[in-house]
Each structure stands twice: as C-alpha cells, then as structure tokens.
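Coordinates in review
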Amino acid sequence: MELHSVILTTGCSVGFFKLANSGMKRLPMPDAARRNAWKWRNIATSFVHSLITGIWAVLCFYLHPQMAEDLISTHSVFSHALVSVSIGYFIHDFSDMVLNQKISQSWELLFHHSVVISCFGLSALSRRYLGFAAVALLVELNSVFLHLRQMLRMAGGAKTTPYRVNSMVNLGTYVVFRISTLAWMTRWLVLNREHVPLLAYTLGSVGMAIMTAMNIVLFCRLLRSDFLQTGRDGRKEK
C-alpha cells in the first residue's frame, strides 16, 4: 500500500468506527447500562473492533504463513490494511475518551492509545514490522471476551450462566492469545536481536516487560473476581 492508500484507509476506519459508535444509540440498551450510556457505546464499539481485527489478524497469517517467518519486512496488502484500520480505531477511541471522559479517569488508556498509534503508524508508513504489529493484534481475540464481560456486568448479568461461560472462555483465551502471544513476541525479539536497531530493541524489550507484568496482574484480578471471589461468597452463604 502506498502512502495515500494508508491515509485513506485510516481515515475511512476513523469514520467507520464513529458511525458504529453513533449507531449504537439506535440499538436496544439494557436498563442497567443507561446510567452510563456513553461507556456502553464505547465498549460496544471496542467489541466490534476486537471482533474484526482479531479474526483479520488470524487470516493474515493463514493466507500468508511466510509472514510469521519474517516479521520485519515480509507483509501483504491484507496485513498492511489491517494495521491501518486498527490505527483508525485507536484514533477514534482516543478522541471519544478525550471528549466524553475526564483525563484523570482515562489517562492510562490515552497513553496506551498514543503508544499504539505511534508504533502502528510508523510501521504502516515505513512498511516494516507489519508482521509484528499483526501478531500484536492477535491479542484482540481475547479482547472480544473482555469487552463482552464488561457489557454483561453493565447489563446486570454478572451472576448469569452466559457470564460464567464467558468468564471461562475469557481466561482461556487470555492465556493463549494474550500472555502466550506476548511471550512469543518477546522470544522473537531476543532471537532477532541482530536484525533490530538498538533503540527499537531497547524500547521493545522494556515495553514487552511492562506489558507482560500488567497482563499477569490483570489475569490474577480476573481470576480472583470471577472465580475465587465466587467460591468464597458461596462458602459464606453455606
């Protein structure tokens, strides 16, 4: 993809997710979620992004398996478009949070989005490390169930069977597509040290270490909230 195609794809993506967010107003909303309608629409839009890009990332490696052997320079128009579309979503979500939420409540996500937009943007413009970006987007397969978990909780369904089933799938995909993917990316970075510039290698290593630690902490919180806490509550009732 040429520069103008990257810019056009990213711009169309921003517009698509803004329309998707606006379209959520026309869809039925649980009564329990109406007290924070903006958050419901925001999470629902994030769910759409995760569903699209998660499946898209898998297809990238299925259709072009050689990309997994060279994450630096090997890529396809399909994977280039994937990264551009994801940039558009993060730009939309960044602006949505700035306009509708206090900075003090969203600064961590805003920082995360800034880093992702910068890294993905450089990758899309330079046409390098697109395979690495596609691997990172495999994490979105787990984000589908993380967002669904939030929506079920907002809808008051935290004690329902669908929520419990989603919790189990969420933890399973968390290990496979989030923790394992980050571990694989870290391993690839170490094995390909000589092919990566020192600055990029240093930033990548530090970033991977921080993300791995954060994801382990989040995994423990999910495990405690959805399983261990439930068990303790049950024993108290007995």
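Residues numbered from 1 in each chain as written. Predicted model: local features only at pLDDT ≥ 70, side-chain atom pairs only at ≥ 80, totals over all residues. Heavy atoms only, no water.

**Considerations on the overall build of the protein**
Rule in force here: To qualify as a helix, a DSSP run of H or I must reach at least 4 residues; to qualify as a strand, a run of E must reach at least 2; elements of each kind are numbered from the N terminus. Every radius of gyration here is taken over C-alpha atoms, with the globule rule written as 2.2 Å times N^0.38, N being the number of residues. The buried label applies to any residue whose accessible area, calculated with a 1.4 Å probe on protein chains only, is under 20% of its type's maximum; exposed applies above 50%, and partly exposed to all values in between.
Each helix and strand in the protein was counted, giving eight helices and zero strands. The linear arrangement of helices and strands in the protein, starting from the amino end, is α-α-α-α-α-α-α-α. Here the C-alpha atoms of the protein give a radius of gyration of 19 Å, agreeing with the 18 Å that 2.2 N^0.38 yields for 238 residues. For the protein, the C-alpha atoms occupy an extent of roughly 60 × 40 × 35 Å along the three principal directions. Burial status across the protein gives 41% buried among its 238 residues.

**Overview of a nonpolar patch on the surface**
Selection rule: Surface patches are defined over residues having more than 30% relative accessible area and no salt bridge, joining like charges when they lie within 9 Å and nonpolar side chains (Val, Leu, Ile, Met, Phe, Trp, Tyr) when within 5 Å. Surface accessibility in these figures is a Shrake-Rupley result with a 1.4 Å probe; residues are shielded only by whichever protein chains are displayed. Any Lys or Arg side-chain nitrogen located within 4 Å of an Asp or Glu carboxyl oxygen qualifies as a salt bridge.
A surface patch of nonpolar side chains, about 580 Å² in accessible area, is lined by Leu51, Ile55, Leu59, Tyr62, Leu63 and Phe78. With five residues, helix 2 (residues 37-63) is the largest single contributor of residues to the nonpolar patch. Examined against the element boundaries, Leu51 turns out to sit in helix 2.

**Observations regarding the side chain of Thr53**
Applied cut-off: In protein, a polar contact requires one atom able to donate a hydrogen and another able to accept it; more generally it is a pair of N or O atoms within 3.5 Å, and residues adjacent in sequence count only if both atoms are side-chain atoms. When checking whether two residues touch, look at their non-hydrogen atoms; a contact exists if any pair is within 4.5 Å.
Summarising the element assignment, Thr53 is placed in helix 2. The class for Thr53 is buried, based on a relative accessible area of 0%. At a separation of 2.7 Å, a polar atom in the side chain of Thr53 contacts the main-chain carbonyl oxygen of His49. Not counting the four nearest positions on each side in its chain, Thr53 is found in contact with Leu82, Leu137 and Glu140.

**Topic: the packing of helix 2 against helix 3 (residues 77-100)**
Rules: Interaxial angle, 0 to 180 degrees, is taken between N-to-C directions of lines fitted to C-alpha atoms, where a helix line uses only the stretch in contact. Orientation is classified from the angle alone, with under 35 degrees giving roughly parallel, over 145 giving roughly antiparallel, 65 to 115 giving roughly perpendicular, and any other angle giving oblique. Each crossing gets its handedness from the near helix: less than a right angle anticlockwise from the far helix is left-handed, clockwise is right-handed. For this scheme, ten residues count as nonpolar: Ala, Val, Leu, Ile, Met, Phe, Trp, Tyr, Cys and Pro. Four count as charged, namely Asp, Glu, Lys and Arg, and the remainder, Gly too, count as polar.
The contact between helix 2 and helix 3 brings their axes to 10 Å, and the two run at 165 degrees. With respect to helix 3, the axis of helix 2 lies roughly antiparallel. Helix 3 is crossed by helix 2, and the crossing has left-handed handedness. Its residues placed into classes, the contact of helix 2 with helix 3 shows 13 nonpolar, nine polar and two charged.

**Comments concerning the nonpolar core**
Inclusion rule: Here, the term nonpolar core denotes a set of buried Ala, Val, Leu, Ile, Met, Phe, Trp, Tyr and Cys residues that are joined through side-chain atoms within 4.5 Å.
If you look at the biggest cluster of nonpolar residues, it comprises 34 residues, and the most contacted ones within it are Leu82, Val83, Phe120 and Trp188. Breaking this core down by element, the ones donating at least two residues are helix 1 (3-23), helix 2, helix 3, helix 4 (103-126), helix 5 (130-136), helix 7 (161-191) and helix 8 (198-237). Among all residues touching Phe120, those that are not within four sequence positions of it are Val83, Ser86, Ile87, Ala133, Ala136 and Leu137. Within the second largest apolar cluster, eight residues are counted, among which are Met24, Trp40, Ile43 and Met154.

**Focus on helix 6 (residues 140-154)**
Note the following rule: One less than the residue count of a helix, multiplied by 1.5 Å, gives the span that helix is expected to have.
Taking 1.5 Å as the rise per residue, helix 6 with 15 residues should run 21 Å; its terminal C-alpha atoms sit 21 Å apart, in good agreement. Counting buried positions along helix 6 yields eleven of 15 residues, so the element is predominantly enclosed. Three or more residues of helix 6 are buried, namely Glu140, Leu141, Asn142, Ser143, Val144, Leu146, His147, Arg149, Met151, Leu152 and Met154.

**Overview of helix 4**
Applicable threshold: For a residue, the bend is simply the angle between two axes, fitted respectively to the seven-residue segment ending there and the seven-residue segment starting there.
Along its length, helix 4 shows its largest kink, about 35 degrees, at Leu109. Within helix 4, burial applies to Ser106, Leu110, His113, Val116, Phe120, Gly121, Ser123 and Ala124. Immediately downstream of helix 4, the backbone of Arg127 shows phi near 60 degrees, a positive value.

**Some points on unusual backbone geometry**
Phi at Arg127 takes a positive value of approximately 60 degrees, unusual for a residue other than glycine. Among the structural elements, Arg127 can be located in the loop between helix 4 and helix 5. Even without a glycine there, the phi angle at Tyr129 is positive, about 65 degrees. If you trace the backbone, Tyr129 turns up in the loop between helix 4 and helix 5.

**Quick look at the environment of Val196**
Its location among the elements puts Val196 in the loop between helix 7 and helix 8. Using a relative accessible area of 5% as the deciding quantity, one classes Val196 as buried. C-alpha separation for the pair Val196 and Tyr129, spaced 67 residues apart in sequence, amounts to 10.0 Å. Setting aside anything within four residues of it in sequence, one finds Val196 in contact with Tyr129, Trp188, Leu189 and Tyr201.

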